[in-house]
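Fold and contact review
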Amino acid sequence: MDRRVLLSLLSIGAAQALIGCSAHAAPSDSAVRGPDIAPTAPTTAASASATASVAPIAAAVPGADAGPLPSPVPIPAPHPGPAVVVSHAPGRTRQIALTIDDGYDATTVAGYVAFAQRSKIPITFSPNGAYRGVWDRHAEVLRPLVEAGQLQIGNHTWTHKNLLHETDAAIRADIEKNEQWIQRTFGITSRPWFRPPYGAHNHHVDGLAGELGYTRILLWDGSFGDSTLITPEQLVGLARQYLQPGTIMLGHANHQTVLGLFDQIEQLIEQRQLEPVTLDTMFGTSRAVG
Ligand SMILES: [Zn+2]
């Protein structure tokens with residue numbers, strides 16, 4: 001962890017901002033909070049794959065038919081292996097990765113979809129299939145952006161449970177069910193990217209994910225802090241604090257605070273000459289390989 005991030009973490013309130021998604025019960029259900037798990041320190045750059053191959057994107061435009069559309073890129077078989085935890089870009093870079101999770105608020109998801117369309121900014125979404133009622137209506141709009149490589153989809157489980165409290169069979173099923181939905185809905189695999197709900201993971205969970213082909217355990221080192229409802233001033237303050245070269249930024253499509261702030265966030269990225277990228281671009285992974 002570099003000195004700037006360390007200092008940021010030590011500042012009052014920063015640890016709160018780095019908490020992963022809170023429990024997804026109704027906002028009034030404040031008793032069901034997720035554990036306050038800080039992200040682990042970034043691993044070394046060894047997590048970066050040396051290969052940066054990008055699959056050629058088929059030119060075929062999917063039809064407007066309802067139902068699953070054919071994938072322009074064949075879904076690759078899983079490549080099981082040891083899982084590596086990542087929370088920061090490898091090497092010196094001006095890249096940042098915007099990673100947006102969950103999606104239980106329909107208005108916020110719609111706002112992010114419109115933002116992606118308008119801004120052309122690369123984003124990695126890690127939606128839970130449990131909220132498919134919110135996401136599926138956007139599939140037709142999102143798929144071309146996914147196919148073009150602007151958007152990437154990570155696996156965040158179907159149900160968003162704390163995996164430290166689940167059986168091995170339940171963990172596998174939760175990941176696999178979400179993958180099947182992602183393939184049907186977005187036309188790509190989420191492998192090798194897995195973001196554990198609440199950032200709650202250990203070597204055992206990582207090992208299970210790795211056996212399924214999720215060999216990149218995605219944490220973060222910056223956050224908009226919007227796993228719970230915060231004010232626009234708080235969110236902008238966290239954006240200013242954490243949008244720095246190399247940051248993997250965590251946000252949530254759960255609360256509408258961010259909706260009025262997209263222009264400010266975009267300006268901040270431009271002013272700081274940051275380069276938003278997907279995880280595939282940042283780490284040299286590829287949906288064609290999985
Ligand atoms: Zn989450």
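In what follows, the structure referred to is the one given above.
These remarks concern the structure in this document.

Parameters at a glance
Residues numbered from 1 in each chain as written. Predicted model: local features only at pLDDT ≥ 70, side-chain atom pairs only at ≥ 80, totals over all residues. Core = buried A, V, L, I, M, F, W, Y, C linked by C-beta atoms within 7 Å. Buried ≥ 20, exposed ≤ 12 C-beta atoms within 10 Å, placed from the backbone. Contact = placed C-beta atoms within 7 Å. Helix = DSSP H or I, 4+ residues; strand = E, 2+ residues; numbered from the N terminus. Pairing = 2+ DSSP bridges.

Formed by 59 residues in total, the largest nonpolar core has its most connected members in Ala97, Ala209 and Met249. Discounting chain neighbours no more than four positions away, the residues touching Ala97 are Thr124, Ile248, Met249, Val277, Thr278, Leu279 and Met282.

What follows is about the environment of Val109. Secondary-structure assignment places Val109 in helix H3 (residues 106-119). Judged by the 22 C-beta atoms lying within 10 Å of it, Val109 is buried. Put simply, Val109 and Gln256 are 147 residues apart on the chain and 9.0 Å apart in space, counted from C-alpha to C-alpha. When residues no more than four places from it in sequence are discounted, the contact partners of Val109 are Gly103, Val134, Trp135, His138 and Ala253.

Before going further, it helps to spend a moment on the sheet that holds strand S5 (residues 193-194). Read across the sheet, 3 strands follow the order S1-S6-S5 without closing on themselves; strand pairing throughout is parallel. Where the open sheet ends on each side, the last strands, each with one partner, are strand S1 (84-86) and S5. Across 2 bridges, the pairing between S5 and strand S6 (residues 216-218) is parallel. Among the inter-strand pairings, Trp193 is bridged to a residue of S6, identified as Arg216.

All right, on to the environment of Tyr112 then. Structurally, Tyr112 can be placed in helix H3. Those residues in contact with Tyr112, other than ones at most four positions away along the chain, are Ile100 and Ala253.

This part takes up helix H7 (residues 203-211). Turning to H7, its buried residues are Val205, Asp206, Leu208, Ala209 and Gly210. Considering only its buried residues, H7 is in contact with S1, helix H6 (168-186), S5 and S6. Count one or two residues on from H7 and you reach Gly213, which has phi positive near 100°.

Structurally, Ala89 is set in the loop between S1 and strand S2 (95-102). Separated by 158 residues in sequence, Ala89 and Thr247 place their C-alpha atoms 6.5 Å apart. For Ala89, the residues in contact, after removing those within four places along its chain, are Gln95, Gly246 and Met282.

Nothing here speaks to function; it is all geometry.
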